[in-house]
Amino acid sequence: MLLIAFYILSSVVVLSALFVIAARNPVHSVLWLICAFFTSAGLLVLIGAEFLAMLLVVVYVGAVAVLFLFVVMMLDVDFVELKQGFLSYLPAGALLGLALLAEIAVVAVAASSRAPSGTFDPKPGAQTNAEALSKVIYTDNLLLFQMAGVVLLIAMIGAIVLTLRSRPHVRRQSAAQQTTRRREDAVELIDVKPGQGL
Amino acid sequence: MERMFEWGGGVWGGVGLAALQVLAFMVVLLISLAFLLLMDRKVWAAVQLRKGPNVVGPFGLLQSFADFFKFVFKEIVIPAGANKTVFILAPILTLTLAFVGWAVVPVAPGWVIADLNVGVLYLFAISSLGVYGIIMGGWASNSKYPFLGALRSAAQMVSYEVSIGFVIITVLLLVGSMNLTDIVDSQAGGIWNWHAFLLRPDRILLFPVMFTMFVIFFISALAETNRPPFDLPEAESELVAGYQVEYSSTPYLLFMIGEYLNIVMMCAMLTILFFGGWHSPIPIPVGDMPDWLISLGSFLMFAVKVIFFFFLFAMVKAIVPRYRYDQLMRLGWKIFLPTSLAAVILVSGYRVFTHQFGI
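Everything numeric in this text was worked out from a predicted model, so none of it was measured.

**Q** What's the story with the packing of aromatic side chains in this structure? I'm lost.
**A** Residue and element names in this part refer to chain B. Across all of its chains, the model carries 30 aromatic pairs over all chains by this definition. Taking the centre distance of 5.9 Å and the plane angle of 40° together, the rings of Tyr-160 and Phe-230 count as tilted. Within this pair, whereas Tyr-160 is found in helix 6 (residues 144-175), its partner Phe-230 is found in the loop between helix 8 (207-224) and helix 9 (236-239), the two being separated by 70 residues in sequence. For the pair Tyr-160 and Phe-230, one class covers both residues: buried. The structure contains a cluster of three or more aromatic residues connected by ring pairs, namely Trp-194, Phe-197, Phe-207, Phe-211, Phe-214, Phe-217, Phe-274, Phe-275, Phe-308 and Phe-309. Directly above the ring of Phe-71 sits Lys-70, whose terminal nitrogen or CZ lies 5.0 Å from the centroid. The ring of Trp-44 carries Lys-317 above its face, with NZ or CZ at 4.0 Å from the centroid.

**Q** Honestly, the packing of helix 6 of chain B against helix 10 (residues 249-274) of chain B in this entry has me stumped. Any pointers?
**A** Two quantities define a packed helix pair, namely the angle between the helix axes and the distance between the axes. Residue and element names in this part refer to chain B. Contact pair helix 6 / helix 10: the axes reach a minimum separation of 10 Å and the direction vectors enclose 30°. In terms of their interaxial angle, helix 6 and helix 10 are classed as roughly parallel. Taking contact as the criterion, the partners of Ile-164, Val-167, Ile-168 and Val-171 in helix 6 are, on helix 10, Met-266, Met-269, Leu-273 and Phe-274. In terms of residue class, the contact of helix 6 with helix 10 is built from eight nonpolar, no polar and no charged.

**Q** Mind showing me how you'd approach the confidence of the model for chain A here?
**A** When pLDDT is low, close inspection of the predicted coordinates is not appropriate. Scored by pLDDT, chain A comes out at a mean of 84, with 89% of its residues at no less than 70. Across chain A, the secondary-structure element scoring lowest on mean pLDDT is helix 4 (residues 79-84) of chain A, at 65, and the one scoring highest is helix 7 (residues 142-163) of chain A, at 93.

**Q** Sorry if this is basic, but what is going on with the nonpolar core here?
**A** Nonpolar side chains in soluble globular proteins generally cluster together in the buried interior. B:Tyr132, B:Phe217 and B:Phe274 are the most contacted members of the largest nonpolar core, which totals 125 residues. With 18 residues, the top contributor of residues to this core is helix 10 of chain B.

**Q** What should I look at first to understand the interface of chain B and chain A in this one?
**A** Many authors give the size of an interface as the accessible area that is lost as the parts come together. Taken together, the contact pairs 31 residues of chain B with 27 residues of chain A. Surface buried jointly by chain B and chain A totals about 2400 Å² across both partners, of which 79% is contributed by carbon and sulfur atoms. Summed over the three residues of chain B that lose the most area to chain A, namely B:Leu121, B:Tyr132 and B:Trp139, the buried surface amounts to 22% of that side. Counting the contacts that link chain B with chain A gives zero salt bridges. Taken together, the links from chain B to chain A amount to three residue pairs in polar contact (both at pLDDT 80 or more). At the level of secondary structure, the elements contributing two or more residues to the side of chain B that touches chain A comprise helix 1 (10-47), helix 4 (119-129), helix 5 (131-140), helix 6 and helix 12 (325-357) of chain B. Partitioned by chemical class, the residues of the side of chain B that touches chain A number 22 nonpolar, four polar and five charged.

Rules used in this analysis
- Residues numbered from 1 in each chain as written.
- Chains lettered and ligands numbered in written order.
- Predicted model: local features only at pLDDT ≥ 70, side-chain atom pairs only at ≥ 80, totals over all residues.
- Heavy atoms only, no water.
- Phe/Tyr/Trp six-rings, centres within 6.5 Å; stacked < 30°, edge-to-face > 60°.
- Helix = DSSP H or I, 4+ residues; strand = E, 2+ residues; numbered from the N terminus.
- Buried < 20%, exposed > 50% of the residue type's maximum accessible area, 1.4 Å probe, protein only.
- Lys NZ or Arg CZ within 6 Å of the ring centre and 35° of its normal.
- Axes fitted to C-alpha atoms, helices over the stretch in contact; angles between N-to-C directions.
- Parallel < 35°, antiparallel > 145°, perpendicular 65-115°, else oblique.
- Contact = heavy atoms within 4.5 Å.
- Nonpolar A, V, L, I, M, F, W, Y, C, P; charged D, E, K, R; others polar.
- pLDDT = per-residue confidence, 0-100.
- Core = buried A, V, L, I, M, F, W, Y, C linked by side-chain atoms within 4.5 Å.
- Buried area = accessible area lost by both parts, 1.4 Å probe.
- Salt bridge = Lys/Arg side-chain N within 4 Å of Asp/Glu carboxyl O.
- Polar contact = N/O pair within 3.5 Å; in protein donor to acceptor, adjacent residues only side chain to side chain.

As structure tokens, this is what we get:
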């Protein structure tokens with residue numbers, strides 16, 4: 001049962017990954033990519049790492065891929081132009097693909113020659129894997145985790161600094177000002193006598 | 001997950017039984033949705049001093065079924081320039097995701113299809129996928145208004161998901177488990193244990209924090225389900241009907257059912273996370289009541305709470321005017337996000353502190 005599920009899911013992953021590069025329409029490519037992400041989450045559930053599976057869906061499918069889709073949909077893509085560049089990119093692409101394939105082959109050979117060290121257990125000592133993961137991240141490797149957080153913070157500040165422009169003459173809405181505004185600030189009633197004017 | 005396969009008749013028997021269970025659950029859900037839809041319209045009508053639908057059946061009770069047949073028997077129109085596959089796929093995806101989320105919702109003790117350890121996270125993941133139906137539908141229509149509606153909706157849902165996520169984290173920190181049944185059971189024993197009104201002596205300091213989180217979750221749920229006052233994706237006055245403009249007949253019906261299922265799901269999440277799930281506000285001594293009676297009572301309690309929240313959703317729709325888009329974004333990013341982040345820090349600090357000193 002588990003094996004059947006594994007083969008179904010993994011073939012879906014491979015096929016949709018194939019369609020990501022084979023699809024003519026870039027939006028379809030992103031949709032196939034989302035399909036691949038979602039199905040890999042299924043694979044993670046199969047090995048018992050349900051926490052990671054959910055995180056994969058929340059982070060990659062729910063947030064990152066939405067932004068991908070957002071950007072790709074708004075691009076004005078000319079399909080004819082896109083096709084023309086294919087041949088000129090082919091040698092570089094093929095070289096890169098071959099290099100990656102060779103690396104995978106080397107790793108696979110090296111890994112198979114090493115004796116398996118113990119069995120893989122997503123739930124060590126009857127903990128849920130969220131607990132096991134949090135012990136590793138927040139207790140054993142707390143410093144590294146915080147440093148990673150600081151690196152991300154710096155990247156975020158950098159992005160803000162690069163895009164922040166101060167435009168002095170823009171009138172902005174201030175909700176606090178609007179809600180604290182009273183009748184007396186805005187309207188003044190004056191009893192004008194006839195024939196006198198203000 | 002694992003429990004699903006243990007029931008009699010080996011693996012396939014278990015699968016068959018689970019399938020039957022799912023089917024029964026779906027039917028119950030759809031029928032109750034029909035009446036909730038009617039309730040929505042009736043409440044709306046009552047606020048506006050109208051009678052609402054009252055022709056089909058007694059008090060208009062069968063109105064939703066009449067609407068169902070009307071939609072189903074209409075012709076499906078697919079625009080010529082539309083991307084056909086994606087156009088049809090979008091409403092199906094919306095409906096499927098709306099149903100799939102219900103798999104982990106416990107409606108009474110033990111009455112749940114899949115009792116996942118990461119139940120809350122699963123719900124969060126599924127609800128974050130809901131945006132795809134809208135964005136795909138809007139894009140595939142190959143038309144301006146649907147596309148603008150879809151883009152608005154994507155930005156809106158992604159923004160409010162963030163604060164929903166943090167609010168959920170505060171609850172998880174208090175409970176110490178991501179299992180929905182555990183979350184409900186941790187609120188047993190009376191209204192002072194519910195996370196919305198946390199007046200238990202050892203946690204009374206967190207009452208203002210958790211009540212704020214409850215309010216934030218409620219408002220973010222309105223935004224997440226594109227309900228008024230945050231229904232900008234389908235703002236009639238600006239975008240005709242947003243991403244649904246080109247949809248007709250059954251695909252439109254699927255979108256609508258999916259949307260309402262999501263709303264009821266948010267009501268159920270509010271009930272589970274903040275209103276004690278199936279536990280009654282004042283503990284009822286069960287004594288030696290038969291199990292089925294306890295289950296039934298619990299289920300009714302759960303249903304009453306969900307209907308209460310649905311009523312609130314309907315009242316908000318009737319009373320509150322629509323937000324402007326920049327105000328919506330300001331509310332999400334500048335008010336809800338910092339508030340919920342601060343709450344996460346406060347609650348986790350409180351937990352660590354009390355744990356350290358054994359209070």
